[in-house]
Amino acid sequence: MTAVRTPPQGTTPPPRLPVREKTAARERGSGLSPMLTRLAAERATGVLERERGSLYLAEGRVVHAESPLAPGLDVLLLAHGTLAPAVWQDAVERADEEYGVARLLLDAGRVPRGALELCHLEAVYDAAYFALAPSSTPGHFRYGAGHRLGTLRPVPVEAVERETLRRRELLHRLWPDPLTDGAPLRRAETVAAPAPTARQRAVLASVDGVRTATDIARELGRQAFHTLVDVRRLAAAGLLTALFPPPRPHRAPPAAPPLRSRSAATTPAAGPVAPDPAPPPGITLPRVNDPDITLLKRLRDALEAL
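Residues numbered from 1 in each chain as written. Predicted model: local features only at pLDDT ≥ 70, side-chain atom pairs only at ≥ 80, totals over all residues. Heavy atoms only, no water.

Draft legend 1. Here's a closer look at the pairing of strand β1 (residues 46-50). Among the five residues in β1, four count as buried, and that is most of the element. Sheet topology places β1 next to strand β2 (residues 53-58); five bridges connect them, and they run antiparallel. Across the sheet, residue arginine 50 finds its bridge partner in β2, namely glycine 53. Count of turn residues in the β1/β2 antiparallel hairpin: two residues. (Buried < 20%, exposed > 50% of the residue type's maximum accessible area, 1.4 Å probe, protein only. Helix = DSSP H or I, 4+ residues; strand = E, 2+ residues; numbered from the N terminus. Pairing = 2+ DSSP bridges.)

Now the structure itself:
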């Protein structure tokens, strides 16, 4: 039984303990990168380099983002014929600190401003999702550094962090296992699976046991996050699984040489020494790519969500 203490009459009750409001914290988008929040508050200009990507700031706002895990703006513009490769390369070679790539393309009328701003915003959010992922190394900020693209449409830091949190929660709701985000993918045989959409069929056609989700996104000319959404939905439907790397072979520690007597040391060897027997096989990982294990994981996640 729990005893409840009530303050005596005529006295002021003690103040309530502070409780963190999750909704307000989500709206602020805080907690992803304290350094980024501080740089936004001081209206800094430069590039924040993190383990999985970089964020370019101008007066405390995000003007560009890059990540090796996300296709760049050039891929999004060139993949579907929005811009010719020769036009993009010419703008890159002519760009300088005063005239960036975006300004050169717009002044020459090579691409509509609305299309360029939309593709740029998609590329910023896509790369920022990976750049703001939890990392094992601290970030580094270089003041004054800029990007050859130039300033197109700055995005507030709060909006970038809020969108990153929203994308994390969406992926977790679709399929809580993040292994499919970075591991090679393989198709799984299933009995009763829903028919994939046209976008998902294109992803499945690129699954070969070697490519990852980001590799498929770059090949298809799509945003990496949208490809992660398709991959997790396909994993939840049992149509594909993540492929674990093979376990390393086990090697037995070298045995100490046997002690030999004084007489044996003077006696010549009778013949070649027989090779050591093969080391015992190591402990291998379970077959996590088995469709039955995938089904059990889906049932487990469904029960935990109840």
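Draft legend 2. Seen up close, the environment of aspartate 215. Tracing the chain through its elements places aspartate 215 in helix α10 (residues 213-220). Residue classification places aspartate 215 among the partly exposed residues on the basis of a relative accessible area of 33%. In this structure, the C-alpha to C-alpha distance between aspartate 215 and alanine 70, residues 145 residues apart in sequence, is 9.0 Å.

Draft legend 3. Up close: the packing of aromatic side chains. Evaluated as defined, the whole model comprises three aromatic pairs. Between phenylalanine 141 and tyrosine 143, the ring centres sit 4.6 Å apart and the planes meet at 85°, which makes this aromatic pair edge-to-face. Classification of tyrosine 143 by relative accessible area gives exposed; the value is 55%. In this structure, arginine 167 is placed above the aromatic ring of phenylalanine 225, and the distance from its NZ or CZ to the ring centre is 4.5 Å. (Phe/Tyr/Trp six-rings, centres within 6.5 Å; stacked < 30°, edge-to-face > 60°. Lys NZ or Arg CZ within 6 Å of the ring centre and 35° of its normal.)

Draft legend 4. Examining the sheet that holds β2 more closely. With antiparallel pairing, four strands are arranged side by side in an open sheet as β3-β2-β1-β4. Two strands lie at the open edges of the sheet, namely β3 (61-66) and β4 (140-143), each paired on one side alone. Going from strand to strand, the sheet's axes swing by 20° on average, the running direction of each strand aside. Where β2 lies against β3, five bridges are found, and the strand directions are antiparallel. Pairing of leucine 57 across the sheet is with valine 62, part of β3. Together, β1, β2 and β4 form the strand contacts of helix α2 (residues 34-41), whose direction differs from that of β4 by roughly 25°. (Axes fitted to C-alpha atoms, helices over the stretch in contact; angles between N-to-C directions. Contact = heavy atoms within 4.5 Å.)

Draft legend 5. Fine view of the pattern of salt bridges. If you walk through the whole model with that rule in mind, you get 14 salt bridges. We note a salt bridge from arginine 43 to glutamate 59, for which the minimum N-O separation is 3.2 Å. Placement of arginine 43 in the loop between α2 and β1 and of glutamate 59 in the loop between β2 and β3 is noted, with a sequence separation of 16 residues between them. You can call arginine 43 exposed: its relative accessible area is 55%. (Salt bridge = Lys/Arg side-chain N within 4 Å of Asp/Glu carboxyl O.)

Purely geometric numbers; function is a separate question.
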